[in-house]
Amino acid sequence: MAAAGPAATDLEVVRGKRAALFFATVVIVLGLPLWWKTTETYRAPLPYSEISGLNSLKLRLMVPVTVVFTQESVPLDDQEKLPFTVVHEREIPLKYKLKIKCRFQKAYRRALDHEEAALSLGNIQEAETMLAEPSEQAEGSLTVYVISERSSLLPQDMMSYIGPKRMAVVRGIMHREAFNIIGRRIIQVAQAMSLTEDVLAAALADHLPEDKWSSDKRRPLKSSLGYEITFSLLNPDPKSHDVHWDIEGAVRRHVQPFLSALSVAGNFSVDSQILYYAVLGVNPRFDSASSSYYLAAHSLPHVINPVESRLGSSAASLYPVLNFLLYVPELAHSPLYIQDKDGAPVATNAFHSPRWGGIMVYNVDPKAYNGSQLPVSVEVDMVRVMEVFLAQLRLLFGIAQPQLPPKCLFFGPKSEGIMTWELDRLLWARSVENLATATTTLTSLAQLLGKISNIVIKDDVASEVYRAVAAVQKAAEELSSGHLASAFAASQEAVTSSERAFFDPSLLHLLYFPDDQKFAIYIPLFLPMAVPILLSLFKIFLETRKSWKKPEKID
Amino acid sequence: MAAAVRLVLLVLLLLGPGVWGQAEPPRDSLREELVITPLPSGDVAATFQFRTRWDSELQREGVSHYRLFPKALGQLISKYSLRELHLSLTQGFWRTRYWGTPFLQAPSGAELWAWFQDSVTDVDESWKELSNVLSGIFCASLNFIDSTNTVTPTASFKPLGLANGTDHSFLRYAVLPREVVCTENLTPWKKLLPCSSKAGLSVLLKADRLFHTSYHSQAVHIRPVCRNARCTSVSWELRQTLSVVFDAFITGQGKKDWSLFRMFSRTLTEPCPLASESRVYVDITSSGQDNETLEVYPPPLTTYQDVILGTRKTYAVYDLLDAAVVSTSRSLNVQLKWKRPPENGYIHYQPAQDRMQPHLLEMLIQLPANSITKVSIQFERALLKWTEYTPDPNHGFYVSPSVLSALVPSVVAAKPGDWEESPLFNSLFPVSDGSSYFVRLYTEPLLVSLPTPDFSMPYNVVCLTCTVVAVCYGSFYNLLTRTFQIEEPRKGGLVKRLANLIRRARGVPPL
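- Under an unreviewed UniProt entry, the name given to chain B is GPI transamidase component PIG-T isoform X2, and the organism recorded is Odocoileus virginianus.

- As annotated in an unreviewed UniProt entry, chain A is GPI transamidase component PIG-S from Odocoileus virginianus.
- Per UniProt, chain A carries the Pathway (unreviewed entry) text "Glycolipid biosynthesis; glycosylphosphatidylinositol-anchor biosynthesis."
- Among the UniProt annotations of chain A, the heading Sequence similarities (unreviewed entry) holds the following wording: "Belongs to the PIGS family."

The structure is reproduced here in structure tokens:
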């Protein structure tokens, strides 16, 4: 009995040890992974490295320029060398992580017969229509015709001509270094017609650090898939003025041609309304010298806010709204003029607010009050009004006045109010802006997801991110190969996908389930389970170490 | 930042000289009207109606130009292909027993119903978007309308306007009884008026007075109507109505006198120059009937007599060209009698699906005269999921009010007049002949208190379960891993030693 007792106890002790070890193994091998797996937040894999790669993206904007030489534009031996290709590349210095390079790829060739015939005409407009006929040029590309030094196509004092389509004419020269000299002239013209530093700086204005001219650059609307244009006639005094405007006809005649030319850059919708008893937020001052009222430049910022509450938000779409207000001042405050900073009345009697729209004050002709009783019937001269609004519209879309090289002949836009190459320039700017926006959105999304591990990343969010990254890369590629239209489309897709991923509501589901609460719930289970296991493991560890130290004693 | 920039005008080759010389008649018109009715209880009801009619096809695509019709609602109609839209926001309950029959009643809270065009493919999706947009326009919580409180009635809520074919799958109806109506809902409603609140009758719409009333109901009704007598083309009609009941008796210290200024703290000064008609009607029926005399000041130039809601009534009419400051008025009595024989009934019942759709019970009953009809519904209280409770669950849950739409035989036969010419308050509901009139009444919403659980329960359950598991597990673990053996007691513990110490001090032999 005495011998059996300790043996049985030893056996018991060993069994107890084994049981404890088994418990520990089950908990560690089965329990922990099971718990981990069931409480894990689902996070689909994202292309983090590619997103960080986008930050150091190098954009190379290629402008394909076809240079066509007529006979007698350059010396004969130079003509023998044609055709060949010259590349002119230049980095655009901007304080931005995106490195942008401009690349003019000039393909020199000789003129074809019909081009030769067209350029020998006496009138530049006729020549242009003849040249434009055969085929439409791709977006973003330019064609420069080099004509003879003594050609009468241009007036004698003019060195170059920029047309409304993607076409320009440059005078050639009979010189040993003809190609170099002409090349410089071509670059000057091509830059005026496509990419300049200003255009890109304006496009990236939101991403660039503030500087002295940045407020001017922030005037254009941000890039969007579509825009809503609202014309509002404000009549604060319907008792005295019965105002009619033929907005339907004016939109059809003046605005629609401009917008249909711009339709590549987005969808546009136009509507109009008349608001009665809508007043400006500022009381105009009386100027006794001219017996008129005026709004000073510094009070203009306060004009908009009270009016805006009446304008009404657009219920039907999410696109940004551009407001154009025509204000007919009340009888007690007319005539009303807007003064600029120096106190001189503004010629157009209009001003605009960046990214918001424009306001024009339309004074009723004082002769109308004579003899007739109130209300006076007022017909608005829509041509005058639309001239101002269209000019403001151009500014708000960031279509600046072109900077022409010296001695350049330039007629201005045709009836639709915009030149084809201006549209190209807008597309270049919008593509770059879209790329910068998409890159910023993706980078901040990746940062956010990296920082907060509680966010669920669903598969559809991940696929939007992949799509956005692919679209950014595709847009950059298309830009560097000079396909402007497809680059613009890809950049729009990049912005849409990246914003859809960033604003997906599923990202917020578990965001407010903090760690301390999670552990407060688990501790009543984990603590009582873990303490015995850990203690017995520790005890087993101590005993084993003791038995290793004195192995012979057990024997 | 606005900045005056001297615009460099481009020389735009604008085509044509502009054909803006033609003076075409305006294609939209505005009529506004205020009816003041002294109620039997001594209260005063004021009903505003603003009606904008627009002879235009709103459904077409492309450019749209608005004059009197508000742009926000016009865009809504064309975007969601609406045929009719009726939205009412109401605070309080119209007490028919004391106040008589209303021109237009609405249930407490928010009520929205809309008919969509046949071209809409996904009505539910459009309905959802529509309620969200409307909640933005009117600053109301209409975005809480979802499938759980939307029904498709099959017998009631026929289109009020011009309609060819009524396929009820294009109708949606929802009520939010919980919605509280306040100034923030009135301001956007006022902004839709062409004269805003600067001229005409809308001057009286001062929020602090309008919400200091026993009943406040504002509504927007949009529907297509006939443009001319032969109905060859369609116009759109927007009616904005606002009914308030002032407790004139109590605020007037026992006198039933009232004036516009006392009610609205404003007077009418000028007509809205855009309105083609702007009138104030004051109910003076009782002046001729009983011995009760009343005097309205200034004396009305014209009176209007007609059969309104089954009784002959006399109204003093003030065209707003005379600034009218009205002073005294007395009460009148409106009675309802049902005298038509019973007909076959119609019962439509659509049972609820939990968390999908509510119950819908529609009955078409002919009520005998001088009878009481009770409709009772048994229901069970159920526990909701714990996330479905509102932040204040002890407040209770609302059951939407019932609707009673009735065609009541008229006491006096009305002469069938020109619908377009009759005053607005009498022409909202289409009536086939003069022998009966249409009334829609709502009951009060029902507040049901459901069993509310203890909301810390989930955490308590988790903790308790964990503790039970841990205790069971602990004893199980001990049983399996410990070895048990009997041990001889050794020298004794601290207690024994202490006892021995005391024993020694006492001189007793130790244990």
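**Here's the deal with the overall build of chain B**
1) Next: Helix and strand counts for chain B stand at 10 helices and 18 strands.
2) Next: Pairs at least 24 residues apart make up 73% of the contacts formed inside chain B by residues separated by at least 6 positions.
3) Next: About 27200 Å² of surface is accessible on chain B, with carbon and sulfur atoms providing 57% of the total.

**Quick word on the UniProt feature "transmembrane region" (unreviewed entry) in chain A**
All names here are of chain A.
1) Next: In this numbering, the UniProt entry assigns the feature "transmembrane region" (unreviewed entry) to residues 19–36 and 519–542.
2) Next: For residues 19–36, the helix share is 100%, the strand share is 0%, and the end-to-end C-alpha distance is 24 Å.
3) Next: Here residues 519–542 runs as 100% helix and 0% strand, with 31 Å between its end C-alpha atoms.

**Examining the confidence of the model for chain B**
Close reading of the predicted structure is inappropriate where its pLDDT is low.
Residue and element names in this part refer to chain B.
1) Next: Averaged over every residue, the pLDDT of chain B is 78; residues scoring 70 or more account for 82%.
2) Next: Low pLDDT, under 50, characterises residues 1–23; the stretch is placed with 51 contacts to residues that sit more than four places away or in other chains.
3) Next: Overall, residues 323–343 carries pLDDT values under 50, and its contacts beyond four positions in sequence, including any with other chains, amount to 67 contacts.
4) Next: Among the prediction metrics, the complex's ipTM stands at 0.76, with pTM recorded as 0.77.

**Topic: the interface of chain B and chain A**
1) Next: Chain B puts 59 residues into the contact, and the matching count from chain A is 69 residues.
2) Next: Between chain B and chain A the total buried area reaches about 5800 Å² when both faces are included, carbon and sulfur atoms providing 63% of it.
3) Next: The interface formed by chain B and chain A holds one salt bridge in total.
4) Next: Summed over the shared surface of chain B and chain A, the result is 11 residue pairs in polar contact (both at pLDDT 80 or more).
5) Next: At the level of secondary structure, the elements contributing two or more residues to the side of chain B that touches chain A comprise β3 (64–65), α1 (71–80), α3 (123–137) and α9 (457–481) of chain B.

**Section: the sheet that holds β3(B)**
1) Next: Taken in spatial order, the six strands of this open sheet run β14(A)-β15(A)-β12(A)-β7(A)-β9(A)-β3(B), and their pairing is mixed. Both edges of this open sheet fall to β14 (350–353) of chain A together with β3 of chain B, since each of them pairs with a single strand only.
2) Next: Taken together, the four bridges between β14(A) and strand β15 (residues 357–361) of chain A define a ladder with antiparallel strand orientation. What sits directly across from A:Phe351, in β15(A), is A:Ile359.
3) Next: Set on the sheet, helix α10 (residues 304–311) of chain A makes contact with β7 (226–235), β9 (267–276), β12 (321–327), β14 and β15 of chain A; between it and β9(A) the angle comes to about 105 degrees.

**Details of the environment of B:Val245**
Residue and element names in this part refer to chain B.
1) Next: By the element assignment, Val 245 lies in strand β9 (residues 234–246).
2) Next: C-alpha of Val 245 to C-alpha of Val 44: the two residues are 201 residues apart in sequence and 5.5 Å apart in space.
3) Next: Not counting residues up to four positions away in its chain, the partners in contact with Val 245 are Leu 39, Asp 43, Val 44, Ala 45, Trp 94, Trp 99, Thr 213, Ser 214 and Tyr 215.

**Focus: unusual backbone geometry**
Residues and elements named next belong to chain A.
1) Next: Look at the link from Ser 334 to Pro 335: it is a cis peptide, with omega at 0 degrees.
2) Next: When you line up the elements, Pro 335 lands in the loop between β12 and β13 (336–338).
3) Next: Positive phi, close to 55 degrees, is recorded for Asn 349, a residue that is not glycine.
4) Next: Topologically, Asn 349 is positioned in the loop between β13 and β14.

**Brief notes about the packing of aromatic side chains**
1) Next: Applying the stated criterion across every chain, the model contains 33 aromatic pairs over all chains.
2) Next: Taking 4.8 Å as the distance between ring centres and 65 degrees as the angle between the ring planes, the aromatic pair formed by A:Phe23 and B:Tyr477 counts as edge-to-face. Here B:Tyr477 lies in helix α9 and A:Phe23 lies in helix α1 (residues 4–39), a pairing that spans two chains. Summarising the burial analysis for this pair, A:Phe23 and B:Tyr477 share the class buried.
3) Next: The interplanar angle of 45 degrees and the centroid separation of 5.6 Å between the aromatic rings of A:Tyr108 and A:Phe179 together place this pair among those described as tilted. Residue A:Tyr108 is found in strand β3 (residues 99–110), and its partner A:Phe179 is found in helix α6 (residues 178–193); the two are separated by 71 residues along the sequence. The exposure classification of A:Tyr108 matches that of A:Phe179, with both residues buried.
4) Next: Members of the aromatic cluster, each reached through a chain of ring pairs, are B:Phe48, B:Phe50, B:Trp189, B:Phe246 and B:Phe264.
5) Next: Directly above the aromatic system of B:Phe157 lies the positively charged group of B:Arg440, at a separation of 4.6 Å from the ring centroid.

**Remarks on a nonpolar patch on the surface**
Residue and element names in this part refer to chain B.
1) Next: Taken together, Ile 347, Tyr 349, Leu 361, Met 363, Ile 365, Val 375 and Ile 377 make up a surface patch of nonpolar side chains, about 690 Å² in accessible area.
2) Next: Those elements that provide at least two residues to the nonpolar patch are β13 (346–350) and β14 (360–364).
3) Next: Inspection of the secondary structure puts Met 363 in strand β14.
4) Next: Given the relative accessible area of 35%, Met 363 is considered partly exposed.

**Let's talk about the pattern of salt bridges**
All names here are of chain A.
1) Next: If you walk through the whole model with that rule in mind, you get 23 salt bridges over all chains.
2) Next: Glu 543 serves as the salt-bridge partner of Lys 17, at 3.4 Å between the closest nitrogen and oxygen. Taken together, the positions of Lys 17 in helix α1 and Glu 543 in helix α15 (residues 515–549) put the pair 526 residues apart, joining distant regions of the chain.
3) Next: Taking the relative accessible area as the measure of exposure, Lys 17 reaches 29% and is therefore partly exposed.
4) Next: For Asp 246, the salt bridge is made with Arg 253, and the minimal N-O distance between the two is 3.7 Å.

**As for the state of the cysteines**
All names here are of chain B.
1) Next: The final tally for this structure, using the stated rule, is two disulfides over all chains.
2) Next: Between Cys 226 and Cys 231 runs a disulfide, and the two sulfur atoms are separated by 1.8 Å. Its torsion about the S-S bond being -70 degrees, the disulfide of Cys 226 and Cys 231 is classed as left-handed.
3) Next: Judged by relative accessible area, which is 24%, Cys 226 ranks as partly exposed.

**Considerations on the environment of B:Phe50**
All names here are of chain B.
1) Next: One can find Phe 50 in strand β2 (residues 44–54).
2) Next: For Phe 50, a relative accessible area of 3% gives the class buried.
3) Next: Along the backbone, Phe 50 and Leu 204 are 154 residues apart, and their C-alpha atoms lie at a distance of 13 Å.

**A closer look at the packing of α15(A) against α9(B)**
1) Next: It is at 7 Å that the axes of α15(A) and α9(B) come closest, and there the two elements cross at 15 degrees. The pairing of α15(A) with α9(B) is recorded here as roughly parallel in orientation. Considering the relative orientation of α15(A) and α9(B), their crossing is right-handed. Where α15(A) approaches α9(B), its residues A:Ala520, A:Ile521, A:Pro524, A:Leu525, A:Pro528, A:Met529, A:Pro532, A:Ile533 and A:Ser536 are matched on the opposing element by B:Tyr459, B:Val462, B:Cys463, B:Cys466, B:Val469, B:Ala470, B:Tyr473 and B:Tyr477.
2) Next: A class-by-class count of the residues in the contact of α15(A) with α9(B) yields 16 nonpolar, one polar and no charged.

**A closer look at the sheet that holds strand β17 (residues 408–410) of chain A**
All names here are of chain A.
1) Next: Reading across the sheet, the seven strands line up as β2-β3-β1-β4-β6-β5-β17 and stay open at both edges, with mixed pairing between neighbours. A strand with exactly one partner marks an edge of an open sheet, and here the two such strands are β2 (84–92) and β17. Strand-to-strand twist of the sheet, defined as the mean angle between neighbouring strand axes without regard to direction, takes the value 20 degrees.
2) Next: Examined bridge by bridge, strand β1 (residues 58–69) and β3 share 12 bridges and lie parallel to one another.

**So, the side chain of A:Asn363**
Residues and elements named next belong to chain A.
1) Next: Position of Asn 363 relative to the elements: it lies in the loop between β15 and β16 (376–379).
2) Next: From its side chain, Asn 363 meets the backbone oxygen of Leu 336 in a polar contact 2.7 Å long.
3) Next: Beyond its immediate sequence surroundings of up to four residues, Asn 363 is in contact with Pro 329, Ser 334, Pro 335, Leu 336, Tyr 337 and Asn 349.

Thresholds applied
- Residues numbered from 1 in each chain as written.
- Chains lettered and ligands numbered in written order.
- Predicted model: local features only at pLDDT ≥ 70, side-chain atom pairs only at ≥ 80, totals over all residues.
- Heavy atoms only, no water.
- UniProt positions renumbered as here; feature names shortened; annotations may be inferred.
- Helix = DSSP H or I, 4+ residues; strand = E, 2+ residues; numbered from the N terminus.
- Contact = heavy atoms within 4.5 Å.
- Areas by Shrake-Rupley, 256 points an atom, 1.4 Å probe, with all protein chains shown as cover.
- pLDDT = per-residue confidence, 0-100.
- Buried area = accessible area lost by both parts, 1.4 Å probe.
- Salt bridge = Lys/Arg side-chain N within 4 Å of Asp/Glu carboxyl O.
- Polar contact = N/O pair within 3.5 Å; in protein donor to acceptor, adjacent residues only side chain to side chain.
- Pairing = 2+ DSSP bridges.
- Axes fitted to C-alpha atoms, helices over the stretch in contact; angles between N-to-C directions.
- Phe/Tyr/Trp six-rings, centres within 6.5 Å; stacked < 30°, edge-to-face > 60°.
- Buried < 20%, exposed > 50% of the residue type's maximum accessible area, 1.4 Å probe, protein only.
- Lys NZ or Arg CZ within 6 Å of the ring centre and 35° of its normal.
- Patch = residues over 30% accessible without salt bridge, like charges linked within 9 Å, V, L, I, M, F, W, Y side chains within 5 Å.
- Disulfide = S-S within 2.5 Å.
- Parallel < 35°, antiparallel > 145°, perpendicular 65-115°, else oblique.
- Left-handed = near helix turned anticlockwise from the far one by under 90°.
- Nonpolar A, V, L, I, M, F, W, Y, C, P; charged D, E, K, R; others polar.

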